[in-house]
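Survey of secondary and tertiary structure
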Amino acid sequence: MIHLNFAPRANHGTTHPMKEDAHETIDPRLMRRVAEGEVSAFSELYDKLSAPLFSFALRILKDPEEAEELLQEVFVKIWRQAASYDPARGTPFAWAATLIRYKALDRLRSRQRRQRLQDDAEAEACETPAVSTNGTGREAGEEELRSAFTRLPSDQREAIDLAFFGGLTQQEIATRLREPLGTVKARIRRGMLKLRDWLTPTV
Amino acid sequence: MIDEATIERASLYVLGLLEDGEAARFATAIRSDPELAEFVEDLQRTTVALAASVPQHTPPAALKQRIMNRIRAEQPAPAGRSRAFEYLGWAAALVLLCASAALYHDRARLQSANAAFVLRDNLSGVEIVRLRSQLAQSPSAGAVAVWDSQRQQGVLDISGLPPARADQDYQLWLIDPAYSNPVSGGLVRALAEASGRQPFAPAKPVHGVTKLAVSLERHGGVEKAEGPMVLISQ
């Protein structure tokens, strides 16, 4: 389960450390027009959301072709289900990012299962998803995230990365990092608190 | 003041790291604690910021064309839904009014109705379906759907259904024997107020709908129904 949705919060007049991207300023009326079947509105929505969603999918899947497939799947779903979008439960980006993450992690797990079946002896290697060689894939730790995430201590960043972008369970993270479960939980807690302080406006 | 253990659970919750049962208990705690709810909301905002914080890559231009072609090719395309819904909204109100009167004055007809659709209105292609609760804890929950098979659109009016957990959504299904699996009608909400009409449209054309149902699914909805059916037409 993931919980990306949240109600838009009032701007308290402080500077948000993240730059304001096009996807953050989508007029709710645009979603309504999409829900009403307006193709031009859908095109506009695609222009605003496609890059951040594609980038998020690529970050999880590390495979441009698969990220493209997923983006198509999610945008078709948005087209079909735009009427069910509820602004009170989050921004259009949050809604779409939830879909991307669910489906990307499903694909990632399926791929990892297939890989394990194909070569059980190289299971360790399979734990790191294959990186595309076309230049858009990147190795872990390589200018992956913007300032806030990279400012985290590496142990906290690694635990959150494995959970959020890798879809691993608590126990899987502990096994991967060779740390006790309690240590992993504490790292996640400390890291999320820091990110929360850095990434969300203060009252 | 939120204690450290709760902060930890909240962090695990927003990252999807709690097991189902624990997540459900935590979701319940959120609903009863405004301070915790606000804190979790902040963490959820943080995860969205994380999703948006990855280095940006632009998808190939050809992908947009493929997607645009795909949605245009979908039949029935939702295009033109706006005017249709304006009409359908009025039609639905009229049909619901007629249905109420008819149901009141024509109980015998209702009792003899074994089919899913309890009443067919004179408006060609417009049908009214009543969905009944399958929930022991909410026996009075229900819904009325007005389904326009010609326009492949409908309006659902849900009442008495408890709000879905943060990690779940209610999803409408149209059962058409032409398909081996129910066809999704999209996500629907159990509104805080007594009831509210929500438009819906099937994910693919359905022309022989025999039942409608609402199930409780994972957040964001599913391709095939997995969760328990909470409302179903007779």
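Residues numbered from 1 in each chain as written. Chains lettered and ligands numbered in written order. Predicted model: local features only at pLDDT ≥ 70, side-chain atom pairs only at ≥ 80, totals over all residues. Heavy atoms only, no water.

**Re the confidence of the model for chain A**
Any residue range with low pLDDT should be treated as having predicted coordinates unsuitable for detailed reading. The pLDDT averaged across chain A works out to 77; a share of 72% of its residues lies at or above 70. The low-confidence segment residues 1-20 of chain A, where pLDDT is below 50, has 72 contacts with residues more than four positions distant or belonging to other chains. (pLDDT = per-residue confidence, 0-100. Contact = heavy atoms within 4.5 Å.)

**Quick notes on the packing of helix H9 (residues 181-199) of chain A against helix H1 (residues 4-14) of chain B**
Between H9(A) and H1(B), whose axes approach to 9 Å, the crossing angle comes to 85°. Taken together, the axis directions place H9(A) and H1(B) in an arrangement best described as roughly perpendicular. Of H1(B), the residues touching H9(A) (which contributes Lys185(A), Ala186(A), Ile188(A), Arg189(A), Met192(A) and Leu193(A)) are Glu4(B), Ile7(B), Glu8(B), Ser11(B), Leu12(B) and Val14(B). A breakdown of the residues in the contact of H9(A) with H1(B) according to their chemical character gives 7 nonpolar, 1 polar and 4 charged. (Axes fitted to C-alpha atoms, helices over the stretch in contact; angles between N-to-C directions. Helix = DSSP H or I, 4+ residues; strand = E, 2+ residues; numbered from the N terminus. Parallel < 35°, antiparallel > 145°, perpendicular 65-115°, else oblique. Nonpolar A, V, L, I, M, F, W, Y, C, P; charged D, E, K, R; others polar.)

**A look at the side chain of Ser11(B)**
Counting through the fold element by element, Ser11(B) comes out in helix H1. Owing to a relative accessible area of 0%, Ser11(B) belongs among the buried residues under this scheme. (Buried < 20%, exposed > 50% of the residue type's maximum accessible area, 1.4 Å probe, protein only.)

**Looking at the interface of chain B and chain A**
Contacts between the two partners involve 66 residues from chain B and, on the opposite side, 76 residues from chain A. Around 6600 Å² of area is buried between chain B and chain A when both sides are counted, 61% of it from carbon and sulfur atoms. Considering only the side of chain B, the residues that lose the most area to chain A are Arg45(B), His57(B) and His219(B), jointly responsible for 10% of the buried surface there. Viewed at the interface, chain A and chain B are joined by 7 salt bridges. Salt-bridge contacts for Asp42(B) lead to Arg196(A); the nearest nitrogen and oxygen are separated by 3.2 Å. Viewed at the interface, chain A and chain B are joined by 8 residue pairs in polar contact (both at pLDDT 80 or more). Listing elements by their share of the side of chain B that touches chain A, those giving two or more residues are H1, helix H2 (20-31), helix H3 (34-52), helix H4 (61-73), helix H5 (81-105), strand E5 (168-175) and strand E6 (183-188) of chain B. Of the residues forming the side of chain B that touches chain A, the biggest block, 14 residues, is contributed by H3(B). Looking at the side of chain B that touches chain A residue by residue, the classes come out as 29 nonpolar, 17 polar and 20 charged. (Buried area = accessible area lost by both parts, 1.4 Å probe. Salt bridge = Lys/Arg side-chain N within 4 Å of Asp/Glu carboxyl O. Polar contact = N/O pair within 3.5 Å; in protein donor to acceptor, adjacent residues only side chain to side chain.)

**Thoughts on the pairing of E6(B)**
Residue and element names in this part refer to chain B. Within E6, 6 of the 6 residues are buried, which leaves it mostly tucked inside the rest of the structure. The pairing of E5 with E6 spans 5 bridges and is classified as antiparallel. Residue tyrosine 170 lies in a different strand from E6, and its bridge partner there is valine 188. (Pairing = 2+ DSSP bridges.)

**Quick look at the nonpolar core**
Leu53(A), Phe75(A), Ile173(A), Ile188(A), Leu195(A) and Tyr13(B) are the most contacted members of the largest nonpolar core, which totals 81 residues. Considering every element that reaches this core, the biggest residue donor is helix H2 (residues 39-61) of chain A, with 12 residues. (Core = buried A, V, L, I, M, F, W, Y, C linked by side-chain atoms within 4.5 Å.)

**Thoughts on the environment of Ala201(B)**
Residues and elements named next belong to chain B. Among the secondary structure elements, alanine 201 is positioned in the loop between strand E7 (195-200) and strand E8 (211-218). C-alpha of alanine 201 to C-alpha of leucine 174: the two residues are 27 residues apart in sequence and 9.6 Å apart in space. Aside from chain neighbours lying at most four places away, what touches alanine 201 is Gln152, Ser184 and Gly185.

**Structural notes on the packing of H2(A) against H4(B)**
Between H2(A) and H4(B), the least distance of the axes is 11 Å, while the angle of their chain directions is 150°. Regarding the angle of H2(A) to H4(B), the classification is roughly antiparallel. Judged by the sense of rotation from one axis to the other, the crossing of H2(A) with H4(B) is right-handed. Contact residues: H2(A) offers Val39(A), Phe42(A), Ser43(A), Tyr46(A) and Asp47(A), while H4(B) offers Leu63(B), Lys64(B), Ile67(B), Met68(B), Ile71(B) and Arg72(B). Across the contact of H2(A) with H4(B), the residue classes break down as 7 nonpolar, 1 polar and 3 charged. (Left-handed = near helix turned anticlockwise from the far one by under 90°.)

**As for the pairing of strand E3 (residues 142-148) of chain B**
All names here are of chain B. For E3, a buried count of 6 out of 7 residues is recorded, marking the element as mostly surrounded by other parts of the structure. Of the pairings in the sheet, the one linking strand E2 (residues 126-133) to E3 comprises 7 bridges and is antiparallel in character. Paired with arginine 130 across the bridge in E3 is valine 144. In this sheet, strand E4 (residues 153-159) lies alongside E3 in antiparallel orientation, the contact comprising 7 bridges. Counterpart to aspartate 148 in the pairing with E4 is glutamine 153. Hairpin connection from E3 to E4: 4 residues lie between these consecutive antiparallel strands, with glutamine 152 at a positive phi of about 60°.

**Comments concerning the side chain of Lys103(A)**
By secondary structure assignment, the location of Lys103(A) is in helix H4 (residues 92-118). Taking relative accessible area as the criterion, Lys103(A) reaches 15% and is therefore assigned buried. Beyond its immediate stretch of four places on either side in the chain, Lys103(A) contacts Leu70(A), Glu73(A), Val74(A), Lys77(A) and Glu223(B).

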